[in-house]
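Architecture at a glance
Okay, here's what each chain looks like letter by letter:
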Amino acid sequence: MARKSPEINAGSMADIAFLLLIFFLVTTTMDVDTGISRKLPPPVEEPDQDIDVKDRNVMKVLVNSQDRLMVNGKPADISELKNLTKEFMAIYPDDGEHPETTERFIEELNRNVVTSKGIVSLKNDRGTSYQMYIAVQNELAAAFNEMKEEESMKLFGIKYSQLVDENQIKAINAIIPVRVSEAEPEDIGGS
């Protein structure tokens, strides 16, 4: 008589595996990639049309593959970028060195205001680190946010981040538009 080996009852193994799978799916946290919040401009009606922008209206920001920063052809530190941007975008009427200004009628304020025609042109090397790219984006965003906060305090006596009136928000956005032009990365080099 042959001896039988004991068998393990596997009838409920599938149920146990399914319950463990559900448990791990419910209790596990997933890392969610976050990006940079940007509102894209509307589509260009005539994409082949070249727009001529005067050189004095453009602040050129270059980041090379060694994460070195140049602003308008001069070496700069990332800690200076916010103040350089604010200085560049400030209103200097009848000044040939700073960006031109334009007078615009702002419906929400029911009056004309002077705004800058300045544009920040950002160009990165393909070898630029992600940390440097994000640091530059943060500094540029901080500069425009501070300018909006200051303008809101001047006009309404309240910070821009605390505004609830849509007309006031639209007015500040019209006076201080975020004009950052980002070019396709290319091989700028290491110097």
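Now for a description of the structure that goes with this document. The structure displayed is predicted, hence computed values, not measured ones. (Residues numbered from 1 in each chain as written. Predicted model: local features only at pLDDT ≥ 70, side-chain atom pairs only at ≥ 80, totals over all residues. Heavy atoms only, no water.)

A few points about the packing of aromatic side chains
Operational definition: Ring geometry is summarised as follows: Phe, Tyr and Trp rings, the Trp one being its six-membered ring, pair when their centres sit within 6.5 Å, and such pairs are stacked at plane angles under 30 degrees, edge-to-face over 60 and tilted between the two. For each residue, the accessible area found with a 1.4 Å probe, counting protein chains only, is set against the maximum for its type, and the residue is called buried under 20%, exposed over 50%, and partly exposed in between.
Evaluated as defined, the whole model comprises one aromatic pair. Measuring from ring centre to ring centre gives 5.4 Å for Phe23 and Phe24, while their planes differ by 70 degrees; the resulting arrangement is edge-to-face. Owing to a relative accessible area of 45%, Phe23 belongs among the partly exposed residues under this scheme. Residue classification places Phe24 among the partly exposed residues on the basis of a relative accessible area of 48%.

Focus: the environment of Gln137
The condition that has to hold: Secondary structure elements are defined from DSSP: runs of H or I of at least 4 residues count as helices, runs of E of at least 2 residues count as strands, and each element is numbered from the N terminus.
Assignment of secondary structure puts Gln137 in helix α3 (residues 130-156). Residue classification places Gln137 among the buried residues on the basis of a relative accessible area of 2%. C-alpha separation for the pair Gln137 and Leu81, spaced 56 residues apart in sequence, amounts to 10.0 Å.

Overview of the layout of surface pockets
Spelled out, the test is: Cavities and pockets were defined on a 1 Å grid built over protein atoms only: a cavity is a set of grid points that admits a 1.4 Å probe from which the probe cannot escape, a pocket is an open set flanked by protein on both sides within 12 Å along at least five of seven lines, and lining residues are those with an atom within 4 Å of any such point. Grid points are joined across faces, edges and corners, and a volume is the space filled by probe spheres set on the points. Gly falls in the polar group here, along with every residue not listed as nonpolar (Ala, Val, Leu, Ile, Met, Phe, Trp, Tyr, Cys, Pro) or charged (Asp, Glu, Lys, Arg).
Here the second largest pocket defines a volume of roughly 400 Å³. Ile91, Glu151, Lys154, Ile175 and Ile176 are the residues nearest the centre of the second largest pocket, which is lined by 20 residues in total. Residue assignment for the lining of the second largest pocket shows that the elements contributing at least two residues are α2 (78-89), β5 (111-116) and α3. In terms of residue count, α3 provides more of the lining of the second largest pocket than any other element does, six residues in total. Looking at the lining of the second largest pocket, its residues break down into 12 nonpolar, two polar and six charged.

Considering α2
Going by this rule: To estimate how far a helix should reach, multiply one less than its number of residues by 1.5 Å. Think of it as the arc spanned by the lines of direction from the helix axis to the C-beta atoms. Note on definitions: a residue-residue contact is assigned when non-hydrogen atoms from the two residues lie within 4.5 Å.
When the terminal C-alpha atoms of α2 are compared, their 17 Å separation across 12 residues agrees well with the 16 Å that a helix rising 1.5 Å per residue should span. Buried within α2 are the following residues: Leu81, Thr85, Lys86, Phe88 and Met89. When α2 is viewed along its axis, its buried side chains cluster within an angular range of 165 degrees and face the same direction. Here the buried face of α2 lies against β1 (58-63), β2 (69-71), β5, β6 (119-124) and α3.

Digging into the pattern of salt bridges
Worth spelling out the cut-off: For this analysis, a salt bridge means a side-chain nitrogen from Lys or Arg found within 4 Å of a carboxyl oxygen belonging to Asp or Glu.
This structure, assessed with the given rule, holds six salt bridges. The shortest N-O distance in the salt bridge between Lys60 and Asp55 comes to 2.7 Å. For Glu150, the salt bridge is made with Lys86, and the minimal N-O distance between the two is 2.8 Å. In this pair, Glu150 sits in helix α3 while Lys86 sits in helix α2, placing the two residues 64 residues apart along the sequence. Owing to a relative accessible area of 45%, Glu150 belongs among the partly exposed residues under this scheme. Exposure remark for Lys86: the relative accessible area of 17% places this residue in the buried category. Connected through shared salt-bridge partners, Lys82, Lys86, Glu146 and Glu150 make up one network.

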